[in-house]
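# Inside the fold
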Amino acid sequence: MSDFLSPNFLVFAATIVAAFLSFYLATGRVRKQAIASQTKSHSLNQYYGFYVSLWVLVPAILLALIWMFAADPMLTSAAKARMECRLSEPT
Amino acid sequence: MDTVVDMAKAIKIQAKDVNVFYGEKQALNNVSIDIEDRSVTAFIGPSGCGKSTFLRCFNRMNDVIPSCRVEGSIMMGDVDVNNPQTDPVLLRARIGMVFQKPNPFPKTIFENVAYGPRIHGLAQSKAELDDMVEDSLKKAGLWGEVADRLADQATGLSGGQQQRLCIARAIAVGPDVLLMDEPCSALDPIATSVIEELISELQQRFTILIVTHSMQQAARVSQKTAYFHLGTLVEYGDTKDVFTLPKNEQTEAYISGKIG
Amino acid sequence: MAQLVNIAAGYIKAPDAVMAAQAELLRAAQASADRARSLTLAAVMCVGFFYAFWRVSPELRARVLCEAFLRRLFFLSAVVAILTTIGIVASLLFEAVRFFREISLFDFFFGTHWSPMTALRPGDTAAADEFVAGSSGSFGMVPVMAGTLLVAVIAMAVAVPIGLFSAIYTSEFASRRVRNIVKPTLEVLAGVPTVVYGFFAALTAAPFFRDLGLVVGLDVSSQSALAAGGVMGIMIIPFISSLSDDVITAVPQSLRDGAYGLGSTRGETIIRVVLPAAFPGLVGAFLLAISRAIGETMIVVMAAGVAANMTINPLESVTTVTVQIVMLLTGDNEFDSVKTLSAFALGMTLFVITLLLNVAALTASRRLGQRYE
Ligand SMILES: Nc1ncnc2c1ncn2[C@@H]1O[C@H](COP(=O)(O)OP(=O)(O)OP(=O)(O)O)[C@@H](O)[C@H]1O
Ligand SMILES: [Mg+2]
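Residues numbered from 1 in each chain as written. Chains lettered and ligands numbered in written order. Predicted model: local features only at pLDDT ≥ 70, side-chain atom pairs only at ≥ 80, totals over all residues. Heavy atoms only, no water.

### Points about the overall build of chain A
Across its full length, chain A holds two helices and zero strands. When the 91 residues of chain A are sorted by exposure, 25% land in the buried category. Surface summary for chain A: the accessible area is close to 6,200 Å², and the carbon and sulfur share equals 73%. (Helix = DSSP H or I, 4+ residues; strand = E, 2+ residues; numbered from the N terminus. Buried < 20%, exposed > 50% of the residue type's maximum accessible area, 1.4 Å probe, protein only. Areas by Shrake-Rupley, 256 points an atom, 1.4 Å probe, with all protein chains shown as cover.)

### Focus: the nonpolar core
Among the nonpolar cores identified, the biggest contains 78 residues, and C:F99, C:M232, C:I236, C:I248, C:L282, C:F286 and C:L346 are the most heavily contacted of them. Two domains each donate at least three residues to this core, and these are domain 2 (61-101) and domain 3 (142-372) of chain C. Not counting chain neighbours up to four residues away, the residues in contact with C:F286 comprise C:M156, C:V160, C:L164, C:I240 and C:S244. Formed by 41 residues, the second largest nonpolar core is a distinct cluster that contains B:A154, B:L198, B:A218 and B:Y227. (Core = buried A, V, L, I, M, F, W, Y, C linked by side-chain atoms within 4.5 Å. Domains from an automatic or database assignment. Contact = heavy atoms within 4.5 Å.)

### So, empty space enclosed by the protein
Counted according to the given criterion, the structure contains two cavities of 30 Å³ or more. Estimated volume of the largest cavity: approximately 40 Å³. If you trace the largest cavity, you find it lined by C:T148, C:V151, C:A152, C:M232, C:A293, C:I294, C:E296, C:V300, C:T320 and C:T322. Those elements that place two or more of their residues in the lining of the largest cavity are α7 (142-173) and α12 (266-295) of chain C. At three residues, α7(C) tops the list of elements feeding residues into the lining of the largest cavity. Of the volumes computed, that of the second largest cavity is approximately 30 Å³. Around the second largest cavity, the lining residues are B:C57, B:R60, B:N62, B:D63, B:V70 and B:N82. In terms of residue class, the lining of the second largest cavity is made up of two nonpolar, two polar and two charged. (1 Å grid on protein atoms, 1.4 Å probe; cavity = no way out; pocket = protein on both sides within 12 Å on 5 of 7 lines; lining within 4 Å. Points joined across faces, edges and corners; volume = space filled by probe spheres on them. Nonpolar A, V, L, I, M, F, W, Y, C, P; charged D, E, K, R; others polar.)

### Concerning the interface of chain C and chain B
Opposite the 20 residues of chain C that make contact, chain B presents 22 residues. Across the chain C to chain B interface the summed buried area is about 1,700 Å²; carbon plus sulfur atoms make up 63%. Counting the contacts that link chain C with chain B gives zero salt bridges. Of all the elements in the fold, those that place two or more residues in the side of chain C that touches chain B are α11 (253-261) and α12 of chain C. At eight residues, α11(C) tops the list of elements feeding residues into the side of chain C that touches chain B. Of the residues contributing to the side of chain C that touches chain B, the split by class is eight nonpolar, eight polar and four charged. (Buried area = accessible area lost by both parts, 1.4 Å probe. Salt bridge = Lys/Arg side-chain N within 4 Å of Asp/Glu carboxyl O.)

### A closer look at the environment of A:W55
Relative to the helices and strands, A:W55 resides in helix α2 (residues 45-88). Exposure remark for A:W55: the relative accessible area of 34% places this residue in the partly exposed category. Considered as a pair, A:W55 and A:S22 are 33 residues apart in the sequence and their alpha carbons are 9.4 Å apart. Leaving out residues up to four positions away in the same chain, A:W55 has contacts with C:G48, C:Y51 and C:A52.

### Comments concerning the interface of chain A and chain C
Across the boundary between the two partners, chain A contributes 38 residues, which contact 39 residues of chain C. Taken together, the two surfaces of chain A and chain C that pack against each other cover about 3,600 Å², and 76% of this comes from carbon and sulfur. Its largest share of buried area at the contact with chain C, chain A owes to A:H42, A:Y51 and A:W67, together 18% of the area lost on that side. Counting the contacts that link chain A with chain C gives zero salt bridges. Counting every contact that joins chain A to chain C gives nine residue pairs in polar contact (both at pLDDT 80 or more). The set of elements that each furnish at least two residues to the side of chain A that touches chain C consists of α1 (7-37) and α2 of chain A. With 21 residues, the top contributor of residues to the side of chain A that touches chain C is α2(A). Among the residues forming the side of chain A that touches chain C, the class breakdown is 23 nonpolar, ten polar and five charged. (Polar contact = N/O pair within 3.5 Å; in protein donor to acceptor, adjacent residues only side chain to side chain.)

### Observations concerning the packing of helix α7 (residues 159-172) of chain B against helix α8 (residues 189-202) of chain B
All names here are of chain B. As a packed pair, α7 and α8 sit with axes 9 Å apart at the nearest point and diverge in direction by 20 degrees. Our classification of the angle between α7 and α8 gives roughly parallel. Between α7 and α8 lies a crossing of right-handed hand. From α7, G160, Q163, R164, I167 and I171 reach across to α8, where they touch A191, V194, I195, L198 and L202. (Axes fitted to C-alpha atoms, helices over the stretch in contact; angles between N-to-C directions. Parallel < 35°, antiparallel > 145°, perpendicular 65-115°, else oblique. Left-handed = near helix turned anticlockwise from the far one by under 90°.)

### Focus: the domain arrangement of chain C
You can read the domains of chain C as domain 1 (2-59), domain 2 (61-101) and domain 3 (142-372). One C-alpha centre belongs to domain 1 of chain C, the other to domain 2 of chain C, and the line joining them spans 27 Å.

Have a look at this one:
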C-alpha cells in the first residue's frame, strides 16, 4: 500500500472531512431551527459551525497527542522487555 | 497723542510682500508688516491661517522644512533676513524662539541655559558662563525655583517651569527679538500668568512677536495686534483699536467669537 | 532498540531470526495499537459531534464560546513558546551540570588552557603529560572566551562607526529620495546568508589581509581574527544602522527645532542635542549587536580557525565559543563524554552572556522611551 493511502493518513483525512461536514450540518441545523421558531439566532450561523467543528476536532487532536506521547513509547518498551527476556534465555 | 507715542517707537522689523509656499500650496499671501522695537506684537487668527509659518520666517526656521519656500523681503535693521547670503545661524542667535510645547534638551538645567552661550562662544570663562546662566534664569523668573538644583535634569521640571527654562535658554544667547509660538498653550492659568508677566517685563529689552489663540492674552500683553485669515494679513493696528473698533468685519467676527 | 523499531518499520533487514521474530511481534502490536487508536478517535469525534450538535439552537451563545476557544488558543501558543524556551534552557543546564560534575567550575571559568580533543586521547604521546595531569587542565575556557571577545570587538570596531554614521546620514542628512535608496540597500546586506559572509571571509578577506600583511612586513595568519571580525562587522552593519536610524528618528523634532532656534548648525544640533538624546537607545542597539556578534557561528567557523590561542593580537588565529561547540558536536562522538558535555557548558555560558546583554539593551532603550513619555 502506498504511504499516501496508509490507514493513518486515511484516519487523518477522515478527521478533516468530519470537521467540514459537521460545520455544514451545524449551520444548517441552526438555520432551520431559527426559521422554525421564528427567532433570530444569538450568533451568526458560521459560529455554530465553528462550535461543532471544534468539538469534533479538539478532543480528537488532544487524544492523538496523548497517544503519541504515551502509547507508542509503551509499546516500544514492552517490546524491549520481551527482547531482553529472550536474550537472557539460554539459547 | 497716541499717534505721537507710536511715532516715537522705532521700526525694528519690516516685512514686505512675504509669500510662503509649502510645495505647490501657498500658505502666506503678500504679507507686509512693520514691527515696532521693544514692544509686543500679537499674531491672532483661526487655526491654519499661517501665523506659525509667518513667525518662522523671521528666523528662517522654515529652511528646516524641505518643501518650504519663502519669497519677499524681511529687513531687520540693515540685515536682509531672507537673503540667501545671510547666515541663518547668526540670524538665529539674534532672534530667540520659544515653541508651543516646552522642549528642554535632555540635559541638566544649567546645561540647557548654557547651551547657547557655549555654541556661540559667548563666555570666556566658567565664572562668566555661570553669571550668564544665572542672569538668564533671573530674567525668565525661574532662578528662585531652580537655583539649588541646576545640576538636575531639565526634563524633571514642571511644564510651566520647562517653558520658562526655554525662555531663559533663548535669552541667554543675547537676542534682541523673541519669537513666541503659543508659549502658553500647554500651561495652566497660573503658569500662564507667570509667563505673561514675564513677557511684559521682557518687553523693555526685547522686541517680542507672539502667536496666541487667546484673545484675552493678546489684549493683556500686546501693544499691536495682527489678524491673519487664510494666509493674508487682514488687519493690523494698536491692540486696543483692533479689539474695540475692528475695521474689518472678519476680524470682528473672529474676536467676538463668531468664527475660528 | 532503535534497530528493532527500524526493522519493524521495514527500513532495515533483520540480522537474525530472533530479531525478525521480535520485530514481527512489535509490528503486530503497533498495528493493533493503530487500529485501536483509529477507533478511539472515531468514537471521540462522534461523541464530540453529537454533544455539540445537540446543543446547537438559536439560543446557544456560539459566538461567545468560539471567542473563549480563541482566547485559550492564543494563551496556549504563548505558553508553548515560553515552555520550549524553558525546555531548551533546562536541557542545556542539565548537560552543563553533568559537565561540572567532572570538571570544577573554577577550572572551567578560569583555566587558561583549552584542548578538549587531546584530553581524550590517552595514547597520544604529545598529550600524555596533560592526560596524566588529568583532563581538568584542558577545559579552561578563558582562551576561547578571549577569542570570542576579540572577534566581537573587531566586529564592533568595524560596524559601530560605519553603522552609526550611515544611520546619522540617512536620518539627518539624506533627502527622502536618497533615503529610499540607501536604506533598502543596507537591508539587502542583512538578507545575505551568513554562510556567504563565511566564505567571503575565508576566501577573500583572509587572503587579502595576509597579503596586505606581507606588503607591510607583518606576519598575518591565514585565518586571522581580523578577517573573521572584519567580515562579521560588515554583517552587523545593517543591524546597527537600521536600529540606530530608528532610535535617531525617534528623537522628537521639537528638540532639533529648539537647537536650530538657538542658532546651532546642523552638526552642532546632531552632536550636542540629537545624539545625547538618542544615547540610551544607541547603547541598546550596540549591545544587541554585540550579542549577535558573539553568537554568530558560520563566519568564524569558516574564517577564524580552531586553535585556542590566548592572544589579543588580531593578526593571529583565534577560536570562538561557537566554533568550539561546532567542533565538539559534529562528527562521531559518544554523546556523554566530557568532551561533548563541555559543549553544553560553553553553550550555557554563551547563553547567559547574550541574555545579560539583551536585558541590558532592553533596559537602555526603555530608559530612552520613558524620557519622551
Ligand atoms: N510642514 C508643512 N508642510 C506642508 N504644509 C504645511 C506645513 N506646515 C504648515 N503647513 C500649512 O500651512 C498653513 C499654515 O500653517 P501654520 O502652521 O502656519 O498655521 P497656524 O496659523 O500656526 O495654525 P495653528 O493656530 O493651528 O498653529 C496650513 O494650511 C498648513 O496646512
Ligand atoms: Mg501654529
